[in-house]
Amino acid sequence: MNLTPAYPELFLLLATSAILLIDMFLPDAKRAITHYLSLFTLAICAIMTLGDLNSGQTWYIFNNMFLSDPMANLLKLFCYLAVGMTLIYSRKYNADRGMLGGGELGGEFYALALFSLLGQMVMISGNNVLITYLGLELMSLALYALVALRRDHVASIEAAMKYFVLGALASGFLLYGISMLYGATGTLDLSEIARASSSVTTNHTILVFALVFIVSGLAFKLGAVPFHMWVPDVYQGSPTGVTLLLGAAPKLAAFAICFRLLVEGLFTAAVDWQQMLVVLAVLSMAIGNIAALAQTNLKRMLAYSTISHMGFMLLGLLSGVSDGHAHLAASAYASSMFYVITYVVTTLGTFGMIMLLARNGFESEQIDDLKGLNKRSPWFALVMLMLMFSLAGIPPFMGFYAKFSVLQAVLGTGQVWLTVVAVLFSLIGAFYYLRVVKVMYFDEPTEHAPIAVGPEMRLVLSLNGLAVMVLGLMPESLMNACLDAITKTLAS
């Protein structure tokens with residue numbers, strides 16, 4: 001058996017286990033070794049995945065239960081990037097709160113972050129519903145533990161309990177849907193499910209019920225309304241470094257699992273799940289944007305913002321099934337993929353800024369904590385401005401092109417009303433992002449403490465902000481990469 005396509009996963013598993021063992025014997029003074037070993041592991045995985053992506057081939061291994069295709073490899077590369085940047089951004093923040101050494105805590109943060117990444121990689125490459133579910137649970141269990149990592153922090157423990165209980169409920173929905181799907185099709189293999197679901201002998205009623213439970217479980221992982229109740233509480237209660245691990249890379253894996261199950265496995269039932277996604281998308285954009293207007297806590301505002309962005313991402317997914325032309329369908333899915341990548345890149349910088357301004361004993365979670373940032377640090381105020389403008393969809397930043405491509409895909413299906421609704425809620429959403437910019441540039445600072453930032457974080461955060469602008473001015477390369485990956489994946 002050719003195991004080459006699974007080398008990144010195998011290497012990550014072995015390396016994470018080794019890092020966990022090495023960390024057990026490291027004194028606190030040398031805890032930085034764990035940090036650099038984790039980054040080195042991510043770099044090696046990226047090199048291996050990049051080779052698979054450049055080959056442009058699709059490989060099926062482990063009895064067709066695991067696949068490596070261009071879409072999977074491109075999403076994995078951005079997962080490595082997201083986790084690596086999170087580790088860089090959160091290093092000082094976690095150290096100040098005793099999460100990287102001292103007391104009872106050691107390098108668990110790094111090990112759990114890498115195990116959650118492994119779960120995401122399995123989710124992205126799963127070609128069997130059960131394998132996809134195992135990846136989902138591996139990611140979720142690591143994230144549950146990460147949220148509760150600060151055992152002396154009441155808000156973190158409360159957030160972890162809410163996340164765990166609601167996550168278990170969502171897993172039950174998903175498993176029940178999978179069991180009904182198996183009952184309707186007689187298989188758990190996605191390609192076999194695609195064939196069986198198009199057969200006239202398949203019980204369509206059971207298939208629709210399976211879809212309801214599966215879409216409900218997926219909506220929870222995305223944080224889409226009405227399965228969004230965990231998002232603001234968990235985002236606010238978690239340590240900010242963990243919030244970023246929750247809000248960035250898992251969204252890429254969630255897009256992949258939606259694409260695998262709905263588009264590749266259940267495309268013949270698209271008429272049914274498209275209607276469900278329309279409801280989820282509209283409700284998510286409505287409640288996410290309107291609720292965010294009332295927030296004064298920055299992390300909670302970004303949580304509701306995430307809900308609205310996931311609604312936008314769903315618009316791209318549902319737009320690929322309304323036309324018989326394959327190239328239009330691929331463009332719609334590519335726009336959705338580009339959107340979720342844009343969201344992740346921008347979110348990384350935004351939470352990076354929150355951790356930059358935080359210090360020991362001060363979280364910098366309130367919008368008012370950004371008052372007068374332009375007077376304290378004009379450069380980082382400009383970086384935050386670029387990130388806020390991108391999230392709001394203001395040109396010439398990356399978020400504008402992402403929103404434009406999704407709206408173009410929706411308009412291509414003839415659903416003008418849905419396009420108008422999306423634009424209206426985007427305009428509402430622009431208000432709370434611009435409020436952050438107003439506070440930074442026009443209010444007097446309440447904090448006068450110097451902003452302490454290491455060279456590593458200064459470089460990465462600056463590049464993050466500039467990337468949002470450069471990819472907004474020249475989005476063709478990334479958009480073409482997404483379109484090429486989706487086209488090859490659909491053709492395989």
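Data block above holds the structure.
Residues numbered from 1 in each chain as written. Predicted model: local features only at pLDDT ≥ 70, side-chain atom pairs only at ≥ 80, totals over all residues. Heavy atoms only, no water.

**Thoughts on the overall build of the protein chain**
- Across its full length, the protein chain holds 20 helices and two strands.
- A compact globule built from 492 residues would reach a C-alpha radius of gyration of about 23 Å, and the protein chain, at 22 Å, matches this within 12%.
- Dimensions along the principal axes, computed over C-alpha positions, put the protein chain at roughly 70 × 55 × 40 Å.
- The buried share of the protein chain, reckoned over its 492 residues, is 60%.
- In the protein chain, the proportion of contacts linking residues at least 24 apart, taken out of those at least 6 apart, comes to 80%.
- Working note: accessible area of the protein chain is about 18,000 Å², and carbon and sulfur atoms make up 69% of it. (Helix = DSSP H or I, 4+ residues; strand = E, 2+ residues; numbered from the N terminus. Rg over C-alpha atoms; globule rule 2.2 N^0.38 Å. Buried < 20%, exposed > 50% of the residue type's maximum accessible area, 1.4 Å probe, protein only. Contact = heavy atoms within 4.5 Å. Areas by Shrake-Rupley, 256 points an atom, 1.4 Å probe, with all protein chains shown as cover.)

**Some points on the packing of helix α12 (residues 270–293) against helix α13 (residues 298–318)**
- Across the interface, α12 lies against α13 with an axial gap of 7 Å and an inter-helix angle of 155 degrees. With respect to each other, α12 and α13 are oriented roughly antiparallel. With respect to the hand of their crossing, α12 and α13 are arranged in left-handed fashion.
- Taken together, the residues that form the contact of α12 with α13 break down as 17 nonpolar, six polar and no charged. (Axes fitted to C-alpha atoms, helices over the stretch in contact; angles between N-to-C directions. Parallel < 35°, antiparallel > 145°, perpendicular 65-115°, else oblique. Left-handed = near helix turned anticlockwise from the far one by under 90°. Nonpolar A, V, L, I, M, F, W, Y, C, P; charged D, E, K, R; others polar.)

**Section: the pattern of salt bridges**
- Across all of its chains, the model carries 13 salt bridges by this definition.
- The salt bridge involving Arg 91 is made with Glu 456; its shortest N-O contact spans 3.8 Å. A residue pair is termed long-range when its members are at least 10 positions apart, and Arg 91 in helix α3 (residues 70–96) and Glu 456 in helix α19 (residues 455–473) qualify at 365 residues.
- Among the salt bridges present, the one from Lys 299 reaches Glu 365, with a minimum N-O distance of 3.2 Å. Taken as a pair, Lys 299 in helix α13 and Glu 365 in the loop between α14 (326–357) and α15 (373–376) lie far apart in primary sequence, 66 residues in all. Assigned by exposure class, Lys 299 and Glu 365 land together as buried.
- Several salt bridges share partner residues, and in doing so they unite Glu 158, Lys 162, Asp 233 and Arg 300 into one network. (Salt bridge = Lys/Arg side-chain N within 4 Å of Asp/Glu carboxyl O.)

**A word on the nonpolar core**
- The biggest cluster of nonpolar side chains holds 172 residues, and the ones touching the most others in it are Trp 273, Leu 315 and Leu 317.
- Aside from chain neighbours lying at most four places away, what touches Trp 273 is Leu 211, Val 215, Leu 262, Val 263, Leu 266, Phe 267, Leu 317, Leu 318 and Val 321. (Core = buried A, V, L, I, M, F, W, Y, C linked by side-chain atoms within 4.5 Å.)

**Here's the deal with the packing of aromatic side chains**
- Counting across every chain of the model gives 16 aromatic pairs.
- Their ring planes at 80 degrees and their centres at 6.3 Å tell us that Phe 62 and Phe 66 sit as a pair that is edge-to-face.
- Ring geometry for Phe 312 and Tyr 339: centres 5.4 Å apart, planes at 10 degrees, overall stacked. Here Phe 312 is found in helix α13, whereas its partner Tyr 339 is found in helix α14, with 27 residues between them in sequence. Here Phe 312 and Tyr 339 have matching classes, each one buried.
- Taken together, the aromatic side chains of Tyr 144, Tyr 163, Phe 164, Phe 220 and Trp 230 make up a single cluster linked through ring pairs. (Phe/Tyr/Trp six-rings, centres within 6.5 Å; stacked < 30°, edge-to-face > 60°.)

**A word on unusual backbone geometry**
- Each neighbour pair has its own omega, and for Val 225 with Pro 226 the value is 10 degrees, a cis peptide bond.
- Assignment of secondary structure puts Pro 226 in the loop between α8 (204–222) and α9 (230–237).
- The peptide bond linking Pro 395 to Pro 396 adopts the cis configuration, its omega dihedral lying at 10 degrees.
- With respect to the helices, strands and loops of the structure, Pro 396 is situated in the loop between α16 (378–392) and α17 (398–412).
- The phi dihedral of Asn 63 falls on the positive side, at around 55 degrees, and the residue is not glycine.

**Points about a nonpolar patch on the surface**
- Nonpolar side chains collect at one region of the surface, where Trp 379, Leu 382, Leu 459, Leu 463, Leu 466, Val 470, Leu 473 and Met 474 lie side by side and expose about 710 Å² of accessible area between them.
- The greatest single-element share of the nonpolar patch, amounting to five residues, is contributed by α19.
- By secondary structure assignment, the location of Leu 466 is in helix α19.
- The class of Leu 466 is partly exposed, set by a relative accessible area of 32%. (Patch = residues over 30% accessible without salt bridge, like charges linked within 9 Å, V, L, I, M, F, W, Y side chains within 5 Å.)

**Here's the deal with α3**
- With 27 residues, α3 ought to run about 39 Å at 1.5 Å a step, and its terminal C-alpha atoms sit 40 Å apart, in line with that.
- Of all the bends found along α3, the most pronounced is centred on Ser 90 and spans about 50 degrees.
- Burial of α3 is extensive: 22 of the 27 residues sit out of reach of the surface.
- Looking one or two residues beyond α3, the residue adopting positive phi is Gly 98, at roughly 70 degrees. (Expected span 1.5 Å × (residues − 1). Bend = angle between axes of the 7 residues up to and from the residue.)

**Some details on helix α20 (residues 476–491)**
- With 16 residues, α20 should reach 22 Å at 1.5 Å per residue; the first-to-last C-alpha distance of 22 Å fits that figure.
- Residues of α20 that are buried include every one of Leu 478, Met 479, Cys 482, Ala 485, Ile 486 and Thr 489, and no others. The arc that holds every buried residue of α20, seen down its axis, measures 130 degrees, which confines them to one face. Of the residues in α20, the exposed ones pointing more than 90 degrees away from the buried face are Ser 477 and Ala 491. (Arc of directions from axis to C-beta.)

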